[in-house]
Amino acid sequence: MAMAEAEGTGQAYRGLKKNYRCVQSLQQFYNGRPFAVSSDGSFLACACDDKIKLVNACDAAVRSELEGDTEAVTALALSPDDKFLFSASHSRLIRVWDLSSFKCVRSWKGHDGPVMGMACHSSGGLLATAGADKKVLVWDVDGGFCTHFFKGHGGVVTSIAFHPDPNCLLVFSGSEDATIRVWNLKSKKCIAVLEKHFSSVTSLAISERDHVLLSGGRDKVVNIWDLRDYSFQKTMPTYEMIEDVRIIFPGTHLASFIKKSEHKRTKQKDESPLPIQFLTVGELGIVRLWSSESAQPLYEQQVSDTTLVSEDNTRRGFISAAILAQDQGVICATSDQQFLFYNFNPASEKKLQLDLYRRLVGYNEEIIDLKFVDEDERHLAVATNLEEVRVYDVKSMSCSYVLTGHTDIVLCLDTCTLQSGEAYIVTGSKDNSARLWNAASKQCVGVASSHMGAVGAVAFSKKHKNFFVSGSSDRTLKVWGLDSLSENVEQKCKLKAKAVVAAHDKDINCIAVSPNDGFVCSGSQDRTACVWRLPDLVSVSVLKGHKRGIWSVEFSPVDQCVLTASGDKTIKYWLISDGTCLRTFEGHTAGVLRASFVTRGMQIVSSGADGLLKLWTVKTGECKATYDQHESKVWALAVGKKTEKIATGGGDAVINLWHDSTAADKEEDLRKTEEAALKSQELDNALYDKDFVRTIQLAFELRMPHKLLHLFSELFRERLDEDPIGEVVRNLGKDELRQLLEFVRDWNTRSQSCHVAQFVLFRIFKAFPPTDIIQVKGVRELLEGLIPYSQRHFSRVDRLARSAFLLDYTLTRMAVLEPDSEREAGVAVTGAEICTLKKKKRRGSSIAAADPETDGGDATTRPETRSLKKRKNRGSSKGYGNKIKDALDADPLIAVAG
């Protein structure tokens, strides 16, 4: 039995998670400044501080990020074919971006103040800009020069538009001086001034078919103008400040549906001229559809989809709108950085109905808490630094709906799914209340409002799902029953507390309920965690040992233990019965804010104020992996109950989704091992066939620096006619060249391999010009590592060369014993050496005269002497050559220097 249990435990630990991978991320991409929509509605170009982010309209994924000039972006416009993006910032710099390469192809300055708006001509060749300097300028896009310069407005130019007819070269501009001016590009003059507004003109819309101009302003009216004689036709009161007006062109489903609805209402005759249909959005945060023949809107949203502001109970309205192509509906931008996508409901035949089908949140502020909703974990409830809770679709990362009702910031939340399949969300807020929400109806079904301080922690029942617990800054813990909930999900009831206890000496930060609903644990700023028995909240144990406040508590799913995470940078694992600390996990460099169990309680995942996510093993206390995907504190951490996928959010307003990649990484490692084995065998075959080019390429692909060094050393010694190293080097990319330079830098640090490093470095400098080498990433650091060692090696070579010259001199001096040979060899001798030679000659002549066997001739006439001298000369020359050869073999750097 014990053996079976041990075997099962061993198998379980063999199944531990080793790695998580961030597979999806929701980042900040819009901060309420200008935006532009592509002609097909597939993507948005959004201003985000000094950057421009191109975002997919379907899933909020950032396609690309265009770096700005450190100044906030003030205006954006797309060319009609969506190939170019025009931007302007507070630096007054106008830029043209090529969206195929995401590079700035042209830039210029022209205004004396920020550019407040821009519009591109239907031909794509002209760009009109409206400036805070009261000027309107028209630019040639290809040349980047100003073609028209218009002055006349008495205030900041707020809106600008070209006439949609490419043959009608007119520009319309609206200003804060409440006037609209019409500029003729041919005559380069203002041909009309339209004065009927009493406040700033915020939007212009032109109907080419009807020769009509619509203008909306902050004076709560829309004016209609006839463009044939620039006369005023009509004023339509809207009773809200208009931020944008858009004409609904005939031929679209929306226009035909409006026409049908209008025909039923007014019974208009078919032969009468078609009225102008348009859309307005403004401060009320509702979409209205109008007809020029009616003083009342054809359609008006009954409820706004924007957020309530708690101070004066007014709506955060819309700041802009656009009608999408291909009958995709309408997109509206809110003042709280959201994009709302509307489409009309074709099933509703009696009346027009616009349905919200997608919500993209451009900025979430600080993520405080988050949890997965429902059993399938398809949604994620997120509490941000706002008085609302946003529920996201995990697949598309679009905001499915928003829960509004709290009057102050939501601090915490929890979720549960009943046996019936209904999902509930409980939230705690700074308004001293906790609210219960039905996820299906998106309505608040219960309110718990008896706390005297901000509700900082809530937790649902884990087993029976019939209560939740709340903890507050009033230091009390309360249990709330769900028995009083009404069957009518539309009706809101007041919840009653079943048990209350004064739990701590300071604010309660976190709460957890045990898997069997028998205990609840609370963590506080007083550095303690307390375990209480449910349902009466009887104290069981007090966990003392942390040196800072406790931010997270959680019960083990398999043991009678509890996990606590503290601001003292540690995580502790406690025994419930007697409050003994079984293990302390240390590794975070700042306070630990969240910790949860994964892998059936055998592992822990934690997040901290250092922006790190860590994976721990409970049995050994070892940190298996560390992930750095956040730039600020990671306040929120949620673990899926079924899939154990992880969601994290923090102070950087980023939500990251993590999936277990242990199995995928193992398969990837096996595949890479197989590929490496095959390439290694191919490398051996190429080396056997003396295919040096292929051998070097394979060794480089396999990242085998020692094998490369051996190959280069062999090629260095053999001195082949072809140059395989040069051929390989010429075909390297920038990343591969950087890798080779790293190898050369490492080889150059050792005297045994420095000659090979210099040999390869010469081939690199020969194959690439300096302009290409300096573009390699990190080349500065690599060269700084090469230079000092190269100087040291060449100094050593210089010393060896000087020693070799001294050897030459010494051996040359020794050769004066054979003067005749030196003369024959043309060796120069000094005056002292000539005197010595004369003395030797005289001595030789006297010896020869005294010898009876000689005939008084020169000693060179004797064959024996002559042959002896020749043998001596040859031996001396051969010895000198051997010494030089040995010196060269001793150190190859002499050969390189030679």
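In what follows, the structure referred to is the one given above.
Residues numbered from 1 in each chain as written. Predicted model: local features only at pLDDT ≥ 70, side-chain atom pairs only at ≥ 80, totals over all residues. Heavy atoms only, no water.

Novice: What is the right way to look at the overall build of the protein chain in this model?
Specialist: Helix and strand content of the protein chain: 14 helices and 57 strands. Considering the protein chain as a whole, with its 898 residues, one finds that 49% of them fall into the buried category. Here the protein chain displays about 43,800 Å² of accessible surface, and carbon together with sulfur accounts for 50% of that area. (Helix = DSSP H or I, 4+ residues; strand = E, 2+ residues; numbered from the N terminus. Buried < 20%, exposed > 50% of the residue type's maximum accessible area, 1.4 Å probe, protein only. Areas by Shrake-Rupley, 256 points an atom, 1.4 Å probe, with all protein chains shown as cover.)

Novice: Whenever I open this one, the nonpolar core confuses me. Can you help?
Specialist: Side chains of nonpolar character tend, in soluble globular proteins, to be buried together. Among the nonpolar cores identified, the biggest contains 36 residues, and Phe-712, Trp-747 and Ile-764 are the most heavily contacted of them. Secondary structure elements with two or more residues in this core: α4 (692–701), α5 (705–718), α6 (724–730), α7 (734–747), α8 (754–767) and α10 (779–814). With sequence-adjacent residues up to four places away left out, Ile-764 is seen in contact with Val-729, Leu-737, Leu-740, Leu-741, Val-744 and Ile-773. By size, the runner-up hydrophobic cluster in this structure holds 33 residues, among which are Leu-44, Phe-341, Ala-636 and Ala-647. (Core = buried A, V, L, I, M, F, W, Y, C linked by side-chain atoms within 4.5 Å. Contact = heavy atoms within 4.5 Å.)

Novice: Where do I start with a positive patch on the surface in this structure?
Specialist: On the surface, Arg-475, Lys-506, Arg-527, Lys-547, Arg-548 and Lys-569 cluster together to form a positively charged patch. By secondary structure assignment, the location of Arg-475 is in the loop between β39 (467–472) and β40 (476–481). (Patch = residues over 30% accessible without salt bridge, like charges linked within 9 Å, V, L, I, M, F, W, Y side chains within 5 Å. Salt bridge = Lys/Arg side-chain N within 4 Å of Asp/Glu carboxyl O. Lys, Arg positive; Asp, Glu negative; His and termini not counted. Charge placed at Lys NZ, Arg CZ, Asp CG, Glu CD.)

Novice: So what exactly am I meant to see when it comes to the sheet that holds strand β45 (residues 528–533) here?
Specialist: Each strand in a sheet pairs with another by means of backbone hydrogen bonds, the pair being arranged parallel or else antiparallel. Within the open sheet, the 4 strands sit side by side as β43-β44-β45-β46. Their pairing is antiparallel. Every other strand in the sheet has two partners, leaving β43 (508–513) and β46 (538–544) as the edge strands with one partner each. Taking each pair of neighbouring strands and ignoring which way they run, the sheet shows an average axis angle of 20°. Both β43 and strand β44 (residues 519–524) contribute to a ladder of 5 bridges, which runs antiparallel. Across the sheet, the residue bridging to Ile-511 is Ser-522, located in β44. (Pairing = 2+ DSSP bridges. Axes fitted to C-alpha atoms, helices over the stretch in contact; angles between N-to-C directions.)

Novice: It is not clear to me how the packing of α5 against α8 should be interpreted in this structure. Could you clarify?
Specialist: The description of two helices packed together rests on the angle between their axes and the distance between the axes. At a minimum axis distance of 10 Å, the contact between α5 and α8 shows a crossing angle of 80°. Relative to α8, the element α5 is oriented roughly perpendicular. Two secondary-structure elements touch here, α5 through Leu-709, Phe-712, Ser-713 and Phe-716 and α8 through His-755, Val-756, Phe-759 and Val-760. By residue class, the composition of the contact of α5 with α8 is 6 nonpolar, 2 polar and no charged. (Parallel < 35°, antiparallel > 145°, perpendicular 65-115°, else oblique. Nonpolar A, V, L, I, M, F, W, Y, C, P; charged D, E, K, R; others polar.)

Novice: Would you explain the sheet that holds strand β19 (residues 212–217) in this entry?
Specialist: Taken in spatial order, the 4 strands make up an open sheet running β18-β19-β20-β21, and their pairing is antiparallel. Sheet topology places β18 (201–207) and β21 (231–237) at the edges, where each strand pairs with a single neighbour. Neighbouring strand axes in the sheet, compared pairwise and without regard to direction, differ in orientation by 20° on average.

Novice: What am I meant to see in the packing of aromatic side chains here?
Specialist: The way to describe two aromatic rings as a pair is by their centre distance and the angle between their planes. Across all of its chains, the model carries 16 aromatic pairs by this definition. Between Phe-35 and Phe-339 the ring centres are 5.0 Å apart and the planes differ by 75°, which places this aromatic pair in the edge-to-face class. One end of the pair, Phe-35, is in strand β2 (residues 35–37); the other, Phe-339, is in strand β28 (residues 338–344), and 304 residues separate them in sequence. Taking relative accessible area as the criterion, Phe-35 reaches 13% and is therefore assigned buried. What makes Phe-339 buried here is its relative accessible area of 0%. (Phe/Tyr/Trp six-rings, centres within 6.5 Å; stacked < 30°, edge-to-face > 60°.)

Novice: I would appreciate a short explanation of the pattern of salt bridges in the present structure.
Specialist: Taken as a whole and assessed by the stated rule, the structure comprises 18 salt bridges. The partner of Asp-665 in a salt bridge is Arg-21, and the shortest N-O contact between them spans 2.3 Å. Within this pair, whereas Asp-665 is found in helix α3 (residues 662–688), its partner Arg-21 is found in strand β1 (residues 20–26), the two being separated by 644 residues in sequence. A salt bridge links Arg-228 to Asp-226; its shortest N-O distance comes to 3.2 Å. Overall, the relative accessible area of 10% leaves Asp-226 in the buried class.

Novice: Explain unusual backbone geometry to me, please; I cannot follow it from the model alone.
Specialist: Residues other than glycine predominantly adopt negative phi, and peptide bonds predominantly adopt the trans conformation. With omega at 5°, the peptide bond leading from Leu-534 into Pro-535 counts as cis. Phi angles above zero are rare outside glycine, and Ala-178 is one such case at about 70°. Take Ala-178: it is sitting in the loop between β15 (170–175) and β16 (180–184). A positive phi angle, near 55°, is found at Glu-377, a position not held by glycine. Looking at the secondary structure, you find Glu-377 in the loop between β30 (367–373) and β31 (379–384).

Novice: Help me understand the side chain of Lys-478, please; the structure alone is not making it clear to me.
Specialist: Looking at the secondary structure, you find Lys-478 in strand β40. Of the side chains with opposite charge, Asp-474 lies nearest to the buried Lys-478, which makes no salt bridge, at 5.3 Å. Of note is the side chain of Lys-478, whose polar atom sits 2.9 Å from the side chain of Ser-450. What Lys-478 contacts, discounting residues up to four positions off in sequence, is Ser-450, His-451, Phe-468, Val-469, Ser-470, Ala-497, Ala-499 and Val-500. (Polar contact = N/O pair within 3.5 Å; in protein donor to acceptor, adjacent residues only side chain to side chain.)

Novice: What is the right way to read the environment of Leu-534 from this model?
Specialist: Mapped onto the secondary structure, Leu-534 falls in the loop between β45 and β46. C-alpha of Leu-534 to C-alpha of Val-479: the two residues are 55 residues apart in sequence and 8.9 Å apart in space.

Novice: Explain the packing of α3 against α4 here, please?
Specialist: Following both chains from N to C, one finds α3 and α4 inclined at 155°, their axes separated by 8 Å at the closest point. When the axes of α3 and α4 are compared, the pair comes out roughly antiparallel. In this structure, α3 crosses over α4, and the sense of that crossing is left-handed. From α3, Lys-679, Glu-682, Leu-683, Ala-686 and Leu-687 reach across to α4, where they touch Arg-694, Thr-695, Leu-698, Ala-699 and Glu-701. Its residues placed into classes, the contact of α3 with α4 shows 5 nonpolar, 1 polar and 4 charged. (Left-handed = near helix turned anticlockwise from the far one by under 90°.)

Novice: I'm lost on α5 in this one. Help?
Specialist: Spacing of three or four residues puts side chains on the same side of an α-helix, whose turn is 3.6 residues. Across its 14 residues, α5 extends 20 Å between first and last C-alpha, which sits within 8% of the 20 Å expected from 1.5 Å per residue. Those residues of α5 lying buried are Leu-708, Leu-709, Leu-711, Phe-712, Ser-713, Leu-715 and Phe-716. (Expected span 1.5 Å × (residues − 1).)

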